[in-house]
Amino acid sequence: MCSELPIGVFDSGVGGLTVAKEIMSQLPKESVLYFGDTARVPYGNKSEETVIAYSRQIARFLCSCNVKAIVIACNTASAFALETLAGELPVPVIGVVKPGAKTAARITKSKRIGVIATNGTIRSGLYERYLKSISPDIRVFGQACPLFVPLAEEGLCNDPVTREMATRYLAPLLHEQIDTLVLGCTHYPLLTDVIGSVAGPSVTLVNPAYETAKELRALLTERDLLRTSDTPSIHRFFVSDGEEQFRRFANSILPCELEEADVNRKVFS
Ligand code: DGL
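The structure reproduced in this document is the subject of the present report.

Cut-offs used in this document
- Residues numbered from 1 in each chain as written.
- Predicted model: local features only at pLDDT ≥ 70, side-chain atom pairs only at ≥ 80, totals over all residues.
- Heavy atoms only, no water.
- Near = heavy atom within 4 Å.
- Polar contact = N/O pair within 3.5 Å; in protein donor to acceptor, adjacent residues only side chain to side chain.
- Areas by Shrake-Rupley, 256 points an atom, 1.4 Å probe, with all protein chains shown as cover.
- Nonpolar A, V, L, I, M, F, W, Y, C, P; charged D, E, K, R; others polar.
- Phe/Tyr/Trp six-rings, centres within 6.5 Å; stacked < 30°, edge-to-face > 60°.
- Helix = DSSP H or I, 4+ residues; strand = E, 2+ residues; numbered from the N terminus.
- Buried < 20%, exposed > 50% of the residue type's maximum accessible area, 1.4 Å probe, protein only.
- Lys NZ or Arg CZ within 6 Å of the ring centre and 35° of its normal.
- Pairing = 2+ DSSP bridges.
- Right-handed = clockwise from strand over helix to strand, strands pointing away.

On to the site of the ligand, then. Around the ligand, the structure places 13 residues, and the nearest of them are Asp-11, Ser-12, Tyr-43, Thr-76 and Thr-186. Between the ligand and Thr-76 there is a distance of 2.6 Å, counted from an oxygen atom to a side-chain nitrogen or oxygen. About the coverage of the ligand: the protein hides 99% of its 300 Å² of free accessible area. Residue classes in the shell around the ligand are distributed as 5 nonpolar, 7 polar and 1 charged.

Shown next, in the form of structure tokens:
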């Protein structure tokens with residue numbers, strides 16, 4: 001496997017750009033090939049079978065583009081499809097759930113951890129299983145926050161409506177006196193200010209996107225796949241629909257200017 005090859009990153013849509021952004025800033029020499037399944041978003045309320053089927057199609061597409069590793073930059077797809085893809089694909093695959101869970105387990109003092117995520121991720125119970133496998137006495141309190149995704153996509157990151165929803169969603173977790181809160185959905189890091197201020201200073205937020213980029217570095221180092229060349233990295237973006245909207249969103253959060261995203265629906269076949 002050649003270290004010059006790009007890293008394949010995929011998500012149900014724009015949310016995984018928060019992970020791509022961390023990869024670009026922590027591993028600036030790496031090239032990223034991103035696929036956002038904007039035609040079929042959201043994955044958060046779909047069944048396990050459907051999410052596995054979609055993830056498999058995209059991962060195969062990324063492999064056909066010659067990537068050296070795949071990052072499942074979607075919590076729901078990581079929860080449902082990581083094991084399947086890791087067992088099938090010829091390249092290493094990592095998801096976002098494990099890195100976030102590992103960090104939360106490390107930093108909690110009270111061993112009371114909140115996880116906010118999509119319905120699918122909460123239903124999968126994966127965060128809880130990982131956390132308890134690290135430390136069985138950890139208590140995990142999950143809360144699905146389905147409205148956070150459209151609020152983030154509408155750019156209402158600091159809006160009173162978002163604050164109101166955060167207050168409602170977080171109330172049961174704060175009642176349980178959590179000291180650590182995992183932002184278990186790709187969009188939630190965009191709402192860090194509101195979530196952090198509602199949660200208060202006694203709760204530490206964990207951003208799995210940041211932790212995943214760190215884990216990716218460790219994986220590439222271990223496999224001798226870190227790109228060392230000094231020629232500039234090249235990032236490419238594919239979406240299954242809504243190129244214009246995707247580009248606008250990407251340019252509002254990525255460190256690089258995205259001039260175009262290719263629309264590719266061949267993955268569906
Ligand atoms: N990317 C998804 C996740 O992290 C959120 C959006 C969706 O429901 O597809 O779970």
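Now that the structure has been shown, the text picks up again.
Now for the packing of aromatic side chains. One pass over the structure, following the stated rule, counts 8 aromatic pairs. Judged by centre distance (5.6 Å) and plane angle (50°), the ring pair of Tyr-43 and Tyr-54 falls under tilted. Here Tyr-54 lies in helix H2 (residues 48-64) and Tyr-43 lies in the loop between strand S2 (32-36) and H2, a separation of 11 residues in the sequence. The buried category is assigned to Tyr-43, whose relative accessible area is 1%. Look at Tyr-54 and you get buried, because its relative accessible area is 19%. Taken together, the ring pairs connect Tyr-34, Phe-237 and Phe-246 into an aromatic cluster. Cation over ring: Arg-40 sits above Tyr-54, and NZ or CZ is 3.7 Å from the ring centre.

What follows covers the pairing of strand S1 (residues 7-11). Most of S1 sits out of view: 5 of its 5 residues are buried. Burial along S1 is two-sided: the residues Ile-7, Val-9 and Asp-11 and Gly-8 and Phe-10 are all buried. Looking at chain direction, S1 and S2 are connected through 5 bridges and run parallel. Its bridge partner being in S2, Ile-7 is matched across the sheet by Val-32. For the crossover that starts at S1, traverses helix H1 (residues 17-26) and ends in the parallel S2, the hand is right-handed. Here S1 pairs with strand S3 (residues 69-72) via 4 bridges, running parallel. The residue of S3 that forms the bridge with Val-9 is Val-71.

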